[in-house]
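For reference, the chains in residue letters:
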Amino acid sequence: MSNTEHTKILAYQLAQRSPAQVIAETMTLVLIALAALLGNSCVLFVFYKSPRLRTVTNYYIMTLAMSDVAMVIVAMTPTIIVAGSGRNVMGVTAGLVVGFIAYALVFGTLQTTTLIAVNRFFCVVKPLTYRKYFKPKNAIIMIIGVWIFSFSNTAVVYLSGMATSKFFPGRFIYMLAYNDKTTELIFQLTSCIFFIVIPLSLTIICYWKICEVIKGHNDAVSSSFHVGPSGSNSSLSKEEVHITKSVLALVCGFVVCWIPCTSVLFLSTYINLPRHAEMIFTYSTYASSAINPIVFNMFNKPFRSRLVQVLGYKTRRITNVSSVNAR
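Reading guide: rules and limits
- Residues numbered from 1 in each chain as written.
- Predicted model: local features only at pLDDT ≥ 70, side-chain atom pairs only at ≥ 80, totals over all residues.
- Heavy atoms only, no water.
- Pairing = 2+ DSSP bridges.
- Helix = DSSP H or I, 4+ residues; strand = E, 2+ residues; numbered from the N terminus.
- Patch = residues over 30% accessible without salt bridge, like charges linked within 9 Å, V, L, I, M, F, W, Y side chains within 5 Å.
- Areas by Shrake-Rupley, 256 points an atom, 1.4 Å probe, with all protein chains shown as cover.
- Salt bridge = Lys/Arg side-chain N within 4 Å of Asp/Glu carboxyl O.
- Buried < 20%, exposed > 50% of the residue type's maximum accessible area, 1.4 Å probe, protein only.
- Contact = heavy atoms within 4.5 Å.
- UniProt positions renumbered as here; feature names shortened; annotations may be inferred.

**Brief notes about the pairing of strand S1 (residues 163-168)**
The side chains of a regular strand alternate between both faces of the sheet. Here S1 pairs with strand S2 (residues 173-178) via 6 bridges, running antiparallel. Each residue of the ladder has a partner; that of Lys166, found in S2, is Met175. Taking the residues between adjacent antiparallel strands as the criterion, S1 and S2 are bridged by 4 residues, where Phe172 takes a positive phi near 70°.

**Describing a nonpolar patch on the surface**
Judged by side-chain polarity, Phe149, Ile193, Phe194, Val197 and Ile198 come together as a nonpolar surface patch covering roughly 440 Å² of accessible area. You can call Ile193 partly exposed: its relative accessible area is 43%.

**Remarks on the side chain of Glu278**
Looking at the secondary structure, you find Glu278 in helix H9 (residues 275-287). Judged by relative accessible area, which is 5%, Glu278 ranks as buried. Once residues lying within four places of it in the same chain are set aside, the contact partners of Glu278 are Leu10, Gly170, Arg171, Val264, Ser268 and Leu273.

**Topic: unusual backbone geometry**
Note: most residues except glycine have negative phi, and most peptide bonds are trans. Its identity as a non-glycine residue notwithstanding, Phe172 has a phi of 70°, on the positive side. Along the chain, Phe172 falls in the loop between S1 and S2.

**Brief notes about the UniProt feature "transmembrane region" (unreviewed entry) in the protein**
Within this structure's numbering, the places UniProt gives as "transmembrane region" (unreviewed entry) are residues 27-47, 59-83, 89-118, 139-159, 185-208, 247-268 and 280-299. Annotated as 93% helix and 0% strand, the span residues 89-118 places its first and last C-alpha atoms 41 Å apart. Structurally, residues 139-159 comprises 100% helix and 0% strand, and the distance from its first C-alpha atom to its last is 30 Å.

**Considerations on the environment of Ile210**
Relative to the helices and strands, Ile210 resides in helix H7 (residues 181-222). A relative accessible area of 1% means that Ile210 is categorised as buried. For the pair formed by Ile210 and Phe121, sequence separation is 89 residues and the distance between their alpha carbons is 5.9 Å. In contact with Ile210, not counting residues within four places along its chain, are Ala117, Arg120, Phe121, Val124, Val125 and Thr244.

What follows is the structure, encoded as structure tokens:
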């Protein structure tokens, strides 16, 4: 079966869903979008209200939060509309813009996640080097660099004519569609190497070394043995251990979300997948945008405490204003 015929079948299935299917699929997307929007907005608000939390590591976290909010606005919103209406409501021009920005956001997010792993590696394993080179200004430069690379990579694909945007009914959204199988295979392999294999390998290596150092640190603490000034364990504070564990949980969450969506993307290059398999791509991709605030609330104690303080202050202020107005 040709890709065109398969797309028509998926479009027909999208339009002919039962009311229960429409509600279930649409509400799932709505819940993910709300979790991502509200959660990441809270992360950004807490960092805005808490200058002391604006560490080098948290610059990367803030970048992830901003990209997740942008993903909700640019990609999730039209996806929800498509899921609810059962048809393509964006049009070619809007679809082109949505597809371009969504791809760039995905690539930028993956690169930023890798920067977090590298940052934590030097912070935990090479603390002297970390204090010397990892300054806020350098972090901002690295963040800008990876995002320029991500947007440039996507722009080259569009402007070169190798691909354009196409509506994928099984995924509820416009995405890159290539002119031929050879071009698609080359681009998929290139993207896989630079945006998945290399970043993931680097991330795994970094956290493997980090876990070794943390294990040694915990053993030293439990035996009341302290490494000398030249050792890396001596400079590892309890707060750094907590932050590193929370960031590790964040990265693991991203990996869990991206394994299924990457598998669907590559399988669809060679075979025609059913609609429910195609939907895995959309749900798992968008679910990764909600990982950031969930992990921070669960694993990062300093952030969680500050969040409670900020929100508690806002609640008390609103209550006081309401009481005054009632008088």
